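# Per-entry structural report
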Amino acid sequence: MIYVGVTGWGDHDSLYGGVSQRDKLKEYGAHFPIVEVDASFYAVQPKRNSEKWVSETPASFQFVVKAYQGMTGHQRGEIPFESKKEMFKAFCDSLEAYRKSGKLAMVLFQFPPWFDCKRENVNYLRWCKAEMGDIPVAIEFRNQSWYRPNVVQQTLDFIEKEGWIHTVCDEPQAGEGSIPVVLHATDKDKTLVRFHGRNLHGWQRPASGDDWREVRYLYRYNHQELTEWVEKIRILEKESKELYVLFNNNSGGDAADNAKQMIELLGIEYEGLAPKQLGLF
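Since the structure is predicted, the reported quantities are computational estimates derived from the model, not experimental observations.

Right, let's talk about the overall build of the protein chain for a bit. Within the protein chain one finds 12 helices and 8 strands. For 281 residues, the compact-globule formula gives about 19 Å, and the C-alpha radius of gyration of the protein chain, at 18 Å, lands near that figure. Taking the principal axes of the C-alpha coordinates as reference, the protein chain spans close to 55 × 45 × 40 Å. For the protein chain, buried positions account for 53% of its 281 residues. For the protein chain, the accessible surface area stands at approximately 13000 Å², while carbon and sulfur atoms represent 49% of it. Across the protein chain, the centroid of the 35 positively charged side chains sits 3 Å from that of the 40 negatively charged ones.

It is the contact of helix H5 (residues 84-93) with helix H7 (residues 119-132), at a shortest axis distance of 10 Å, that shows an interaxial angle of 45°. Viewed along their axes, H5 and H7 adopt a mutual orientation that is oblique. Crossing of H5 over H7 shows right-handed handedness. Packed against H5, whose contacting residues are Lys84, Lys85, Phe88, Phe91 and Cys92, the element H7 presents Tyr124, Trp127, Cys128, Glu131 and Met132 at the interface.

Before going further, it helps to examine the packing of aromatic side chains. The final tally for this structure, using the stated rule, is 23 aromatic pairs. A centroid spacing of 6.1 Å and a plane angle of 75° characterise the contact between tyrosine 68 and phenylalanine 81, whose relative ring orientation is edge-to-face. A residue pair is termed long-range when its members are at least 10 positions apart, and tyrosine 68 in the loop between strand E3 (62-66) and helix H4 (69-72) and phenylalanine 81 in the loop between H4 and H5 qualify at 13 residues. The exposure class assigned to tyrosine 68 is buried, which follows from its relative accessible area of 4%. Look at tyrosine 219 and tyrosine 221: their rings are 5.2 Å apart centre to centre, the planes differ by 80°, and that puts the pair in the edge-to-face class. Judged by its relative accessible area of 2%, tyrosine 221 falls in the buried class. Counting every residue linked through ring pairs, the aromatic cluster contains Phe88, Phe109, Phe111, Phe115, Tyr124, Trp127, Phe141, Trp146, Tyr147 and Trp164. Lying over the aromatic face of phenylalanine 41, lysine 66 brings its terminal NZ or CZ to 4.7 Å of the ring centre. In this structure, lysine 232 packs its charged tip against the face of tryptophan 229, placed 5.5 Å from the ring centre.

What counts and what doesn't
- Residues numbered from 1 in each chain as written.
- Predicted model: local features only at pLDDT ≥ 70, side-chain atom pairs only at ≥ 80, totals over all residues.
- Heavy atoms only, no water.
- Helix = DSSP H or I, 4+ residues; strand = E, 2+ residues; numbered from the N terminus.
- Rg over C-alpha atoms; globule rule 2.2 N^0.38 Å.
- Buried < 20%, exposed > 50% of the residue type's maximum accessible area, 1.4 Å probe, protein only.
- Areas by Shrake-Rupley, 256 points an atom, 1.4 Å probe, with all protein chains shown as cover.
- Lys, Arg positive; Asp, Glu negative; His and termini not counted.
- Charge placed at Lys NZ, Arg CZ, Asp CG, Glu CD.
- Axes fitted to C-alpha atoms, helices over the stretch in contact; angles between N-to-C directions.
- Parallel < 35°, antiparallel > 145°, perpendicular 65-115°, else oblique.
- Left-handed = near helix turned anticlockwise from the far one by under 90°.
- Contact = heavy atoms within 4.5 Å.
- Phe/Tyr/Trp six-rings, centres within 6.5 Å; stacked < 30°, edge-to-face > 60°.
- Lys NZ or Arg CZ within 6 Å of the ring centre and 35° of its normal.

This is the structure we're talking about:
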């Protein structure tokens, strides 16, 4: 099964028309069967939020929840917890509603560009996996050192042995701070695919100022680029029972349109989506 969606549900104006802000997730569930929760990256969310989101989505809907930034090393300064162990426990506790409802696809650990391939970081990955227990976890690197020709097989073997779900990415090839497309599943049940766009200039721009994210993810995939990815997705489909395909090129409102194009190219018709145009009633 291939699930296609986008990251976040607030920025995709083409989906909503006159739907109010509070009803956007309900309407989103009429278009896609999965979504990535980004709010969890910026703060460990109170349980009432996930309970609300779970209640607003169809029974078969799935969430990919981003790990909190303090867990992946993005956090600047001190973490707002007494210890890393407490931080992980708080985050895992926040997942209760997703897990009880059967709507948690996985937690995504997206590591920063400076998280390179070295023993210290390998050991940290082992510790993270142990702290997450039986919660399915995906790993996404942003440093090319994990995929150099002399270590790529070791990286994939490690991810598989430790029980991580491999994240396959399409992104600008911008040197050390980006990774190549590596079509390999490390989990027979689940694989994550994320489309970040191919805005090379935006990707290389320093992460500073108010608009760097808007610039970085400003990109619209054309028909040929998406068509080329259909074959890649079919390859991964043979290696994993379930593929979760997420478009993160949100800046110009392109993610939702590209996701719908991909669904059409793959010939998918989803059942169990929410009814559309909730905001009209």
